[in-house]
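Here is how the chains run, residue by residue.
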Amino acid sequence: MRAPLSSPRFVIRRWLHQWRRWWQRQDSLRQEYLLMLGPVISVLLFVTALGASLTYLRNEEMDAEHEAVARDVSFTYREIRTRVADRLGQINRMAQDVDPQSKGSEFLFQAAILASQYPELIGVSSVNRDGSLRDTYVDSQVRGSQLRDEEDLMQRQAREVWAALGNQRGVLFTAPHMNPENSLASSSIVGFMVYSLGGRDAHMLAVEFSLDMLLRESVTAEAAKHYAFAILDQQNTLLAGQLPAWRARWSDHLPWASPIAEHRTSLNPMAPDLWLVGRGYRTAQNFGAQALQWATVVLSLLTLWMLVTNWRHAKRRLKTQRAFMEETKFRRAMEDSMLTGMRAMDMQGRITYVNPAFCRMTGWSEAELVGQHAPFSFWPDDDHDVLLQRLHHELEGKVNHSGFEVRLQRRNGETFFARMYMSPLVAQSGEQSGWMASITDITESKRTREELAAAHERFTTVLGSLDAAVSVANIGGGTLLFGNARYRKWYGDSVLGHHRMVTHAQLSLTSSPDDVDELAGVPTHSLVDADSEDAILFESEMNMWLEVRSRYLTWVDGSLAQMVIATDVTARHEAQAQAQAHAEKAEAASRLITMGEMASTVAHELNQPLAAISNYCSGMISRLERQQATPEALIPALEKTAKQAQRAGQIISRIRSFVKRSEPTIARVRVDDIIEEALELAQLELRRHDVRLSHYFEARLPAIQADPILIEQVLLNLIKNGAESINQAKRPQGQREVSLRVASTTIDDQRVVQFSVTDTGAGIPEELRERIYDAFYSTKSEGMGIGLKLCRSIVESHHGRMSVENLYNAGLITGCRFSFWLPMSS
């Protein structure tokens, strides 16, 4: 089976074929480059070898000269050390033979003899332990002697030597000295040698050497002919000897110019800070060698210039040849990369050229196709007569320029459809030399068109069988672009049905047939991406309920269109109406049940204000019977009685609204006002049960958003329940107490006001804590089981929470605490 054009194997094979053809075309270029690079490489190798030889000889000469100067410097250094050691040894022996502490002139006489024999010896001195100079001999011809002119310096250096050597014998040298006139002849160095270690009589000898004379006596005559020697300090200051002045010349910058040989070594251990330097003298230039070197450089440059000239000429020629080859390769690449098959024929109908695309299309190679006559190998056997007749028409010039469809056959026998275009092939002279045909494989595109036509037919069939009416109309044009069978059944072929559904459903962007497109020039992609709009409408003419959905889309011509889908939902609408009627009947039954719960709640909650009214009336009757009441005294009692009656009415109204599950009357209220009203009514109940009430309120409590009547009812219920629990537990007089605590705090990162009611009653059994909030459940024989449930419902309707806990002492329940919190007003 033949590999597809996009397979990796086919791609690799085509790339290898193209690379092989490119390599064959590059043979001539490689030969040109090799012929041109041969002389260049030879000349470069010759110049490189010549330069390497000259460099090697110059380096050998420089190394020999450096070795010679290093050898002479080392010899001079050893000679200096030897002469210094010999002089110190002679002075040491002289000190042993002559007592330097004697006041005679023997010591000075022997020192003068040694100085006259050895010119590098300037002076000798005997030094006490405290650094003072005792007897000193200095050559009178020497200027700037340290022993003679720098007595303070010598004393300080002598003490330093004593401190460094301690009680050991040895020799130490001081730093070099130069007189203020900076005379090289007066530069000297002093060596201190410990001679005697006799306690207070201990002394040493100071020997001063002239650096210049020491250098002169140590340098040989043969070395002095070739090199200059000098002694330098760390700052390269000249202390002794001389160095030739060096001035740069233009010839010193030449590659073959030899640098001046120089070597230096340290005068260690005698003077580590001094350097002995040897430098060679500048020699006369060898003009013969320089002429040969210059001739070599000039000839090399001329050769390189000729090569560069030839290179540039060859480069221009290669550039022209490369441009021609690039043009050829570009044209060939265009032909090879075309997906359209190209075929050329001469005027007799013989194939003269085919491109790779035509070869891949038919499966025949270029060598097999070029030169064929009709009938061609890619013609199907059944179409020979038709194709041969068409070929004769083409050769006669009867060409259809719009192209024609033809069936061709591949080498493996597979047939395919192609579209062929014919045009005359005109030569450069202007005469027609044949016919050029371009062939495009349309098998896939034809199959796709057929599948699209079948898909469109299936799509139209599906839309036509839908129960919903589907219509598409342009915006403002008043044209029905599409309508399925159900739409045409309901509204016909008119666009009025589409607009009527859009208008009755009150969907956005409606338009009538006479409107113009108001969205011209405005980007509408956001409308296309938007969600669909839904609406329910009643079509009175058809007596149907329709669910209409609309959205915008881009039509095939790129214009904005509106699609409407209308579904008959009459049956669903009737079912929803019946379900709503049943729900209303269920709500009526629920309201009847709630009336029973509300009656029990009113009976429980009105017990407190009615009891207060009864107490006020009994008190007033008792005072009237005893004739102790005056109108002024009865007015407060009557006002309180009226207030309790009004409060009972408010309780009935609030509880009725709450039972109906409506929101309480929420307002911004002060906590202090709620507590004050609650405590005023609670005192009556507490006094009846003989229970004390203690309370703690935080100063400046914040305001809350609440219904004050309902919150007051919660506090009254909790305080009353605590008093009844204490009475039921039969606590003694000292333990009958209910406490109320109100403070602000933070719970779950929220600022709240917390109310806590604590009693000393019997508490709540653990097994009953989960049931105390159930409706109609109570732990009291006369209780109705509504109070705590109502309290928690009120607190939760205010977005708060209620909790309960028992108080223990030694494992026994000693009371109970009910707490609830309400959020602060923002």
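Residues numbered from 1 in each chain as written. Predicted model: local features only at pLDDT ≥ 70, side-chain atom pairs only at ≥ 80, totals over all residues. Heavy atoms only, no water.

From N to C terminus, the chain includes 21 helices and 26 strands. Out of the 826 residues in the chain, the part that is buried amounts to 38%. Of all intrachain contacts in the chain linking residues separated by at least 6 positions in sequence, the fraction that spans at least 24 positions is 60%. Carbon and sulfur atoms form 54% of the exposed surface of the chain, whose accessible area is close to 48300 Å². (Helix = DSSP H or I, 4+ residues; strand = E, 2+ residues; numbered from the N terminus. Buried < 20%, exposed > 50% of the residue type's maximum accessible area, 1.4 Å probe, protein only. Contact = heavy atoms within 4.5 Å. Areas by Shrake-Rupley, 256 points an atom, 1.4 Å probe, with all protein chains shown as cover.)

With antiparallel pairing, the 4 strands of this open sheet are ordered in space as β7-β6-β9-β8. Each having just a single partner strand, β7 (238–241) and β8 (262–267) make up the two edges of the open sheet. Neighbour-to-neighbour, the strand axes of the sheet open up by a mean angle of 25°, direction not taken into account. Where β8 and strand β9 (residues 271–280) come together, 6 bridges link them in antiparallel fashion. Note that in β9 the partner of H263 across the bridge is G278. (Pairing = 2+ DSSP bridges. Axes fitted to C-alpha atoms, helices over the stretch in contact; angles between N-to-C directions.)

For the rest of this paragraph, the subject is the sheet that holds strand β21 (residues 692–697). Taken in spatial order, the 5 strands line up as β21-β23-β24-β26-β25 in an open sheet, and their pairing is mixed. At either end of the open sheet lies a strand with only one pairing partner, and these are β21 and β25 (801–809). For this sheet, the mean inter-axis angle between neighbouring strands, taken without regard to orientation, is 20°. Relative to strand β24 (residues 750–759), strand β23 (residues 737–747) is paired through 10 bridges, and the arrangement is antiparallel.

Our next topic: the confidence of the model for the chain. Put simply, the chain has an average pLDDT of 77, and 79% of its residues get 70 or more. Taking the mean pLDDT of every element in the chain, the minimum, 54, falls on helix α15 (residues 525–529) and the maximum, 93, on β24. Note on residues 509–522: pLDDT is under 50 here. Beyond four places in sequence and across chains, it has 25 contacts. For residues 586–595, every residue scores under 50 in pLDDT, and the model assigns this stretch 1 contact once sequence neighbours within four places are set aside. (pLDDT = per-residue confidence, 0-100.)

Attention shifts here to the packing of aromatic side chains. Within the structure shown, the criterion is met by 5 aromatic pairs. Geometrically, the ring pair formed by F358 and F378 is edge-to-face, given 5.2 Å between the ring centres and 85° between the ring planes. Taken together, the residues F358 in helix α9 (residues 356–362) and F378 in the loop between α10 (366–369) and α11 (384–395) connect sequence positions 20 residues apart. Judged by its relative accessible area of 0%, F378 falls in the buried class. Measuring from centroid to centroid gives 5.4 Å for Y487 and Y491, while their planes differ by 40°, and the two rings are tilted. With Y487 and Y491 both in helix α13 (residues 485–491) and 4 residues apart, this pair spans about one turn of that helix. (Phe/Tyr/Trp six-rings, centres within 6.5 Å; stacked < 30°, edge-to-face > 60°.)

The next thing to look at is the nonpolar core. If you look at the biggest cluster of nonpolar residues, it comprises 43 residues, and the most contacted ones within it are F755, F818 and F820. Counting only elements with at least two residues in this core, the list comes to α19 (671–688), β22 (704–706), α20 (708–729), β23, β24, α21 (787–797), β25 and β26 (812–823). At 9 residues, α20 tops the list of elements feeding residues into this core. Residues in contact with F820, not counting those within four places in the same chain, are V714, L715, L718, V753, Q754, F755, V795, R801 and M802. Grouped together as the second largest cluster of nonpolar side chains are 40 residues, V84, Y137, L239 and M270 included. (Core = buried A, V, L, I, M, F, W, Y, C linked by side-chain atoms within 4.5 Å.)

This part covers α20. End to end, α20 covers 32 Å across 22 residues, agreeing with the expected 32 Å (1.5 Å per residue, within 8%). At the N-terminal boundary of α20, the capping side chain belongs to D707, with an oxygen 3.2 Å from the backbone nitrogen of I709. (Expected span 1.5 Å × (residues − 1). Polar contact = N/O pair within 3.5 Å; in protein donor to acceptor, adjacent residues only side chain to side chain.)

Summarising burial for strand β10 (residues 341–346): 6 of the 6 residues are buried, a large majority. By the alternation rule, side chains of β10 split into G341, R343 and M345 and M342, A344 and D346, which are all buried. Two strands pair when backbone bridges link them, and β10 and strand β14 (residues 432–441) are joined in this way by 6 bridges, in the antiparallel orientation. Bridge assignment links M345 to a residue of β14, and that residue is W435. Pairing between β10 and strand β11 (residues 351–354): 3 bridges, direction antiparallel. Bridged to R343 within β11 is V354. Counting the residues between successive antiparallel strands, the hairpin from β10 to β11 contains 4 residues, one of them, G349, with a positive phi of roughly 85°.

Pairing is possible between side chains of opposite charge, provided their charged atoms come close. Counted according to the given criterion, the structure contains 23 salt bridges. A salt bridge links R83 to E217; its shortest N-O distance comes to 3.9 Å. With R83 in helix α2 (residues 27–97) and E217 in helix α6 (residues 211–218), the pair connects residues that are 134 residues apart, well separated along the chain. Using a relative accessible area of 34% as the deciding quantity, one classes E217 as partly exposed. Its salt-bridge partner being R87, residue E120 comes within 3.0 Å of it at the nearest N-O pair. Placement of the pair is E120 in the loop between α3 (106–117) and β1 (121–128) and R87 in helix α2, with a sequence separation of 33 residues. Here the salt bridges share partners, and the residues they tie into one network are R83, R87, E120 and E217. (Salt bridge = Lys/Arg side-chain N within 4 Å of Asp/Glu carboxyl O.)

Moving on, we come to unusual backbone geometry. Residue P375 is bonded to the preceding A374 through a cis peptide linkage, with omega at 0°. Its location among the elements puts P375 in the loop between α10 and α11. Positive phi is not limited to glycine here, since R700 has a value of about 55°. With respect to the helices, strands and loops of the structure, R700 is situated in the loop between β21 and β22. The backbone phi angle of H799 is positive, close to 65°, even though this residue is not glycine. Its relative accessible area of 61% is what places H799 among the exposed residues.

The subject of this paragraph is the pairing of β9. β9 sits mainly inside the fold: 7 of its 10 residues count as buried. Here strand β6 (residues 227–232) pairs with β9 via 6 bridges, running antiparallel. Along β9, the bridge assignment pairs L232 with W275. Here β8 folds back onto β9, and the loop between the two strands holds 3 residues.

Moving on to the environment of V127. Topologically, V127 is positioned in strand β1. You can call V127 buried: its relative accessible area is 0%. In the structure, V127 is positioned 65 residues away from F192 in sequence and 8.9 Å away in space, judged by C-alpha atoms. Every residue in contact with V127, bar those within four places of it in the chain, is listed here: S132, L133, A158, F192, H203, M204 and A206.

Right, let's talk about helix α17 (residues 607–625) for a bit. End to end, α17 covers 26 Å across 19 residues, agreeing with the expected 27 Å (1.5 Å per residue, within 8%). Looking one or two residues beyond α17, the residue adopting positive phi is Q627, at roughly 55°.

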